Amino acid sequence: QVQLVESGGGSVQAGGSLRLSCAASGRTFSSYAMGWFRQAPGKEREFVASIRSGGITYYADSVKGRFTISRDNAKNTVYLQMNSLKPEDTAGYYCAATLYWRSGTYVYGSSYDYWGQGTQVTVSS
């Protein structure tokens, strides 16, 4: 079982940067694939980025070149470095984890078994 706690959200101006952290409990963190999703009020949950246990990463087209997902297994933490932020990035950001990985499924929230409570990111124009 895994518990996830996000931090690092806040309010920034367009073009600014934020670094989100997701601290995970569990003795097998290194075996989990991790993902970041976001959801704005009234909108559906949206895939942002994911990282496999071996370090391979995937990104939504909307954030490629601007966001970077990484993990530090020694700290049981996954990060999302967000640069060149845009107003459309405004959302609650959620960390997710799954022990199981299947090709092509990482963009679906239903593929993840554990979720954090979220951290808010607000980008002003």
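Computed from a predicted structure; not experimentally measured.

Would you mind going over the nonpolar core with me for this structure?
For soluble globular proteins, nonpolar side chains are generally found buried alongside one another. Ranked by internal contacts, the top residues of the largest apolar core, which has 35 residues, are Met34, Trp36, Leu80, Met82 and Tyr93. Tallying contributions element by element places strand β9 (residues 91-98) first for this core, with 5 residues.

Is there a simple way to think about the sheet that holds strand β8 (residues 77-82) in this case?
Backbone-to-backbone hydrogen bonds join strands into a sheet, with any given pair of strands oriented parallel or antiparallel. The sheet built from 4 strands is open, its strands ordered β1-β3-β8-β7 with antiparallel pairing. The open sheet has two free edges, formed respectively by β1 (4-7) and β7 (67-72), since each of these has just one partner strand. The sheet shows a mean angle of 15° between the axes of neighbouring strands, direction not considered. Where β7 lies against β8, 6 bridges are found, and the strand directions are antiparallel. From the neighbouring strand, aspartate 72 faces β8, where its bridge partner is threonine 77.

Rules of the game
- Residues numbered from 1 in each chain as written.
- Predicted model: local features only at pLDDT ≥ 70, side-chain atom pairs only at ≥ 80, totals over all residues.
- Heavy atoms only, no water.
- Core = buried A, V, L, I, M, F, W, Y, C linked by side-chain atoms within 4.5 Å.
- Buried < 20%, exposed > 50% of the residue type's maximum accessible area, 1.4 Å probe, protein only.
- Helix = DSSP H or I, 4+ residues; strand = E, 2+ residues; numbered from the N terminus.
- Pairing = 2+ DSSP bridges.
- Axes fitted to C-alpha atoms, helices over the stretch in contact; angles between N-to-C directions.

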